[in-house]
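Residues per chain, in single letters:
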Amino acid sequence: MREVHAVTCFLSSGNEILLLLRSDRVSTYKGKWAGVSGVIEGSSTADEQALQEIEEETGLKTDDVRLIKKGEPLIFDDLNFNVRKIVYPYLFAVSRKNKVMINWEHRQYIWIDPRDMDKYDTMLMLKEALERVLF
């Protein structure tokens with residue numbers, strides 16, 4: 001089983017968090033709700049990758065977000081893809097949520113109350129990643 005290091009960033013505005021609906025053009029978790037996520041590439045650190053994914057997937061720049069919390073990494077096996085995932089969760093505050101512009105990786109986005117996460121068909125372990133940065 002190969003090991004994959006990735007980031008999952010939750011963007012918050014007021015009492016809501018951003019969820020993104022993954023498109024059919026991505027290789028994993030098609031049609032699932034997710035945070036801003038991506039595999040850590042090359043020599044990038046998790047912190048650098050988090051900011052890069054936010055910009056790529058939402059159009060928000062470093063000046064548009066503020067780090068609130070970095071959670072402990074979440075380690076789990078995803079047997080659907082035969083990988084052990086190490087996910088670094090982040091929580092960022094967004095100054096202007098109406099500035100979000102999603103890219104091709106997503107079909108739609110919504111702002112939700114985090115307590116409603118169970119109402120959505122999410123990628124594996126998303127709720128657990130969120131708990132690492134909310135509590």
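Residues numbered from 1 in each chain as written. Predicted model: local features only at pLDDT ≥ 70, side-chain atom pairs only at ≥ 80, totals over all residues. Heavy atoms only, no water.

(A) Main features of the layout of surface pockets. Volume-wise, the largest pocket comes out at about 600 Å³. Around the largest pocket sit 31 residues that line it, and Arg22, Thr28, Gly38, Val39 and Lys85 are the ones nearest its centre. Secondary-structure elements contributing two or more residues to the lining of the largest pocket are strand 1 (2–13), strand 4 (36–39), helix 1 (46–58), strand 6 (74–78), strand 7 (83–94) and helix 2 (126–134). With 5 residues, the single largest contributor to the lining of the largest pocket is strand 1. (1 Å grid on protein atoms, 1.4 Å probe; cavity = no way out; pocket = protein on both sides within 12 Å on 5 of 7 lines; lining within 4 Å. Points joined across faces, edges and corners; volume = space filled by probe spheres on them. Helix = DSSP H or I, 4+ residues; strand = E, 2+ residues; numbered from the N terminus.)

(B) Summary view of the nonpolar core. The biggest cluster of nonpolar side chains holds 19 residues, and the ones touching the most others in it are Phe10, Ile17, Leu19, Met117, Leu126 and Leu130. Those elements giving two or more residues to this core turn out to be strand 2 (16–22), strand 3 (33–34), strand 6, strand 7, strand 8 (106–112) and helix 2. Broken down by element, the residue count for this core peaks at 4 residues, all from helix 2. The residues contacting isoleucine 17, other than those within four sequence positions of it, are Phe10, Leu11, Ser12, Ile110, Trp111, Ile112, Pro114, Met117 and Leu130. (Core = buried A, V, L, I, M, F, W, Y, C linked by side-chain atoms within 4.5 Å. Buried < 20%, exposed > 50% of the residue type's maximum accessible area, 1.4 Å probe, protein only. Contact = heavy atoms within 4.5 Å.)

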